[in-house]
Amino acid sequence: MDQEYPAEILPVVSLEGHEDRAWHIAWNPTRPILASCSADKNVRMYAYSNATNTDMLDGPSLKFSHISTTPTGHTKTVRAIAWSPSGKTLATASFDSNIGVWAQEEDEDGEEGAFNPAAEWECMSLLEGHETECKSVAYSPSGNLLASCSRDKTVWVWEAHPDHDFECMGVLMEHTQDVKCVAWHPTEEILASASYDDTIKLYVDDPQEDWFCFQTLSGHSSTVWSLAFSPDGRFLASASDDTTIRIWERIQEHKWECIDVLEGHERSVYSISWGVGKFLASEDDSNLGWLASTGGDGLINVWDLKAAPSTKDPSRKALSHQLIARISQAHDVHDVNSIVWCPRKGFEDMFATAGDDGAVKVWRVAIS
């Protein structure tokens, strides 16, 4: 008999169509679009809308429709995708070592900012420089910077210029192995990377010099697959092949330390996502949001995280976590490769997953 949890994970839709494993998904931050990428080298896009009453966002009333399949021209697997904060460009990271930057042709007669979901996505720029498989790509909160990482052990920081022009601002060679993931702090230009060398590196830009690593976070006993900053930027979560999730707190401007370890997976934790959460969001400022995790065991866990003043040191926060919802065999017997919360207002309880079965699934968290 399954344990009772305060919430449940409900399926919204299963989106088939990729011809090989689905690696990653990305919600457009400004438009109702979900994008997915796959070993089939295509990016698929889906539009979603509320079928009936706009106030009642119940699962069944939300409709997803396939709007485009873009053959990326990458010669190998598209491993990761990322939207710019404006929602107008999409970056694709491929095992062919390149990064594509995609946008829709601006309609000459169309209104400024008008969105035509059917308009074709075109590759505006191809960023070359990595020597081998590119594993992850991420835009900074301003949209001015793009980070990428690769099996070549490097992290690249690119600056976005007008007309989809990009300039390399730094090649960071701090890791000793394959770099699996890059993630930006939600409000500051702090970059984090995770690696097969079991560590996390944190970087900032020195105005006088270049990008540099200001701290290495060690503690995981195996590959670190995924990273997610808390929505308020005070914490960082890391997911590992060692089956745990570690929570790191920023205790000084350039110092983070591990304050909690979440256990709840039987195999590698491949992906985590930290969202603002829904039904607990209005209580008080101790709420840190919901952390969702998934991986090689096919489980999805959703944790509610809170911070209260520590009894030992009131100036510090003590973190508490509660597993509020769980589902097994999310993609049947297959590994689940990624999990991502929808960032748009009104959809804080919705997330998507991508699996080795080639499916992209959308889920909602509901109070039991």
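Before any of the text, the structure's been laid out above.
First things first, this report covers the structure right here in the doc.

Conventions used here
Residues numbered from 1 in each chain as written. Predicted model: local features only at pLDDT ≥ 70, side-chain atom pairs only at ≥ 80, totals over all residues. Heavy atoms only, no water. Helix = DSSP H or I, 4+ residues; strand = E, 2+ residues; numbered from the N terminus. Rg over C-alpha atoms; globule rule 2.2 N^0.38 Å. Buried < 20%, exposed > 50% of the residue type's maximum accessible area, 1.4 Å probe, protein only. Contact = heavy atoms within 4.5 Å. Areas by Shrake-Rupley, 256 points an atom, 1.4 Å probe, with all protein chains shown as cover. Lys, Arg positive; Asp, Glu negative; His and termini not counted. Charge placed at Lys NZ, Arg CZ, Asp CG, Glu CD. Pairing = 2+ DSSP bridges. Phe/Tyr/Trp six-rings, centres within 6.5 Å; stacked < 30°, edge-to-face > 60°. Patch = residues over 30% accessible without salt bridge, like charges linked within 9 Å, V, L, I, M, F, W, Y side chains within 5 Å. Salt bridge = Lys/Arg side-chain N within 4 Å of Asp/Glu carboxyl O. Axes fitted to C-alpha atoms, helices over the stretch in contact; angles between N-to-C directions.

## Looking at the overall build of the chain
Now for step 1: Looking only at helices and strands, the chain features 0 helices and 28 strands.
Now for step 2: Since a compact globule built from 368 residues should have a radius of gyration of about 21 Å, the 20 Å found for the chain is in line with a globular shape.
Now for step 3: Seen through its C-alpha atoms, the chain measures out along the principal axes to roughly 60 × 55 × 40 Å.
Now for step 4: Here the chain, with 368 residues, has 57% of them falling under the buried criterion.
Now for step 5: Long-range pairs, those at least 24 residues apart, make up 52% of the contacts in the chain between residues at least 6 apart in sequence.
Now for step 6: Of the roughly 16,000 Å² of accessible surface on the chain, 45% is carried by carbon and sulfur atoms.
Now for step 7: Within the chain, the 58 negative side-chain charges are centred at a point lying 5 Å from the centre of the 28 positive side-chain charges.

## Digging into the pairing of strand E14 (residues 179-184)
Now for step 1: A large share of E14 lies buried, amounting to 6 of its 6 residues.
Now for step 2: As paired elements, E14 and strand E15 (residues 191-195) share 5 bridges and run antiparallel to each other. Counterpart to valine 182 in the pairing with E15 is serine 193.
Now for step 3: Adjacent in sequence and paired antiparallel, E14 and E15 are bridged by 6 residues.

## Things to note about the packing of aromatic side chains
Ring pairs (aromatic) are described by centroid distance and by the angle formed between their planes.
Now for step 1: Applying the stated rule across the entire model yields 13 aromatic pairs.
Now for step 2: Here tryptophan 27 and phenylalanine 64 contribute two aromatic rings whose centre-to-centre distance is 6.3 Å and whose plane-to-plane angle is 65°, an arrangement assigned as edge-to-face. Highlighted residues: tryptophan 27 in strand E2 (residues 22-27) and phenylalanine 64 in strand E5 (residues 62-71), separated in sequence by 37 residues.
Now for step 3: Taking relative accessible area as the criterion, tryptophan 27 reaches 5% and is therefore assigned buried.
Now for step 4: The interplanar angle of 25° and the centroid separation of 5.1 Å between the aromatic rings of tryptophan 156 and tryptophan 158 together place this pair among those described as stacked.
Now for step 5: Feature note: the residues Trp27, Tyr48, Phe64 and Phe347 constitute an aromatic cluster, connected by ring pairs.

## A look at a negative patch on the surface
Now for step 1: A cluster of acidic residues, Glu105, Glu106, Glu120 and Glu122, forms a negative patch at the surface.
Now for step 2: Tracing the chain through its elements places glutamate 122 in strand E9 (residues 121-127).

## Some points on the sheet that holds E5
Now for step 1: Read from one edge to the other, the open sheet built from 4 strands follows the order E2-E3-E4-E5, with strand pairing classed as antiparallel. In this open sheet, the two edge strands, each paired with only one partner strand, are E2 and E5. Across the sheet, the mean angle separating the axes of adjacent strands is 20° when strand polarity is ignored.
Now for step 2: Bridge analysis of E2 against strand E3 (residues 33-38) gives 5 bridges, and the strand direction is antiparallel. By the bridge assignment, alanine 22 is partnered in E3 with serine 38.

## Remarks on the side chain of serine 140
Now for step 1: Relative to the helices and strands, serine 140 resides in the loop between strand E10 (134-139) and strand E11 (145-150).
Now for step 2: For serine 140, a relative accessible area of 0% puts it in the buried group.
Now for step 3: Dropping the residues within four chain positions of it, serine 140 is found in contact with Pro85, Leu145, Trp184 and Glu189.

## Thoughts on the pairing of strand E6 (residues 78-83)
Now for step 1: Among the 6 residues that make up E6, 6 are buried, leaving the element largely enclosed by the rest of the structure.
Now for step 2: Where E6 hands over to strand E7 (residues 89-94), the hairpin turn is made up of 5 residues, of which glycine 87 adopts a positive phi near 75°.

## Details of the sheet that holds strand E22 (residues 269-275)
Now for step 1: Read from one edge to the other, the open sheet built from 4 strands follows the order E22-E23-E24-E25, with strand pairing classed as antiparallel. Two strands lie at the open edges of the sheet, namely E22 and strand E25 (317-327), each paired on one side alone. Looking at each pair of strands side by side, their axes are set apart by 25° on average, direction ignored.

## A few points about the environment of arginine 316
Now for step 1: You can see arginine 316 is positioned in the loop between strand E24 (300-309) and E25.
Now for step 2: Judged by its relative accessible area of 27%, arginine 316 is partly exposed.
Now for step 3: With 159 residues separating them in the primary sequence, arginine 316 and valine 157 have C-alpha atoms 33 Å apart.
Now for step 4: Not counting residues within four places of it along the chain, the set of residues in contact with arginine 316 comprises Glu249, Ile251, Glu257, Ile259, Ala308, Pro309 and Ser310.

## Description of the environment of aspartate 20
Now for step 1: Looking at the secondary structure, you find aspartate 20 in the loop between strand E1 (7-15) and E2.
Now for step 2: It is 5.4 Å that separates the C-alpha atoms of aspartate 20 and alanine 39, two residues lying 19 residues apart in sequence.
Now for step 3: Contacts of aspartate 20, omitting those with residues within four sequence positions, involve Ser38, Ala39, Asp40 and Gly358.

## Topic: the pattern of salt bridges
Pairing is possible between side chains that carry opposite charge, provided their charged atoms lie close to one another.
Now for step 1: Taken as a whole, this structure holds 10 salt bridges when the rule is applied.
Now for step 2: Where aspartate 178 meets lysine 135, a salt bridge forms, and the shortest distance between an N and an O atom there is 2.7 Å. Separated by 43 residues along the polypeptide, aspartate 178 in the loop between strand E13 (165-172) and E14 and lysine 135 in strand E10 bring together distant segments of the chain. Assigned by exposure class, aspartate 178 and lysine 135 land together as buried.
Now for step 3: Residue aspartate 349 is joined to arginine 364 by a salt bridge in which the shortest nitrogen-to-oxygen separation is 3.0 Å. Here arginine 364 lies in strand E28 (residues 360-367) and aspartate 349 lies in the loop between strand E26 (336-341) and strand E27 (350-355), a separation of 15 residues in the sequence.

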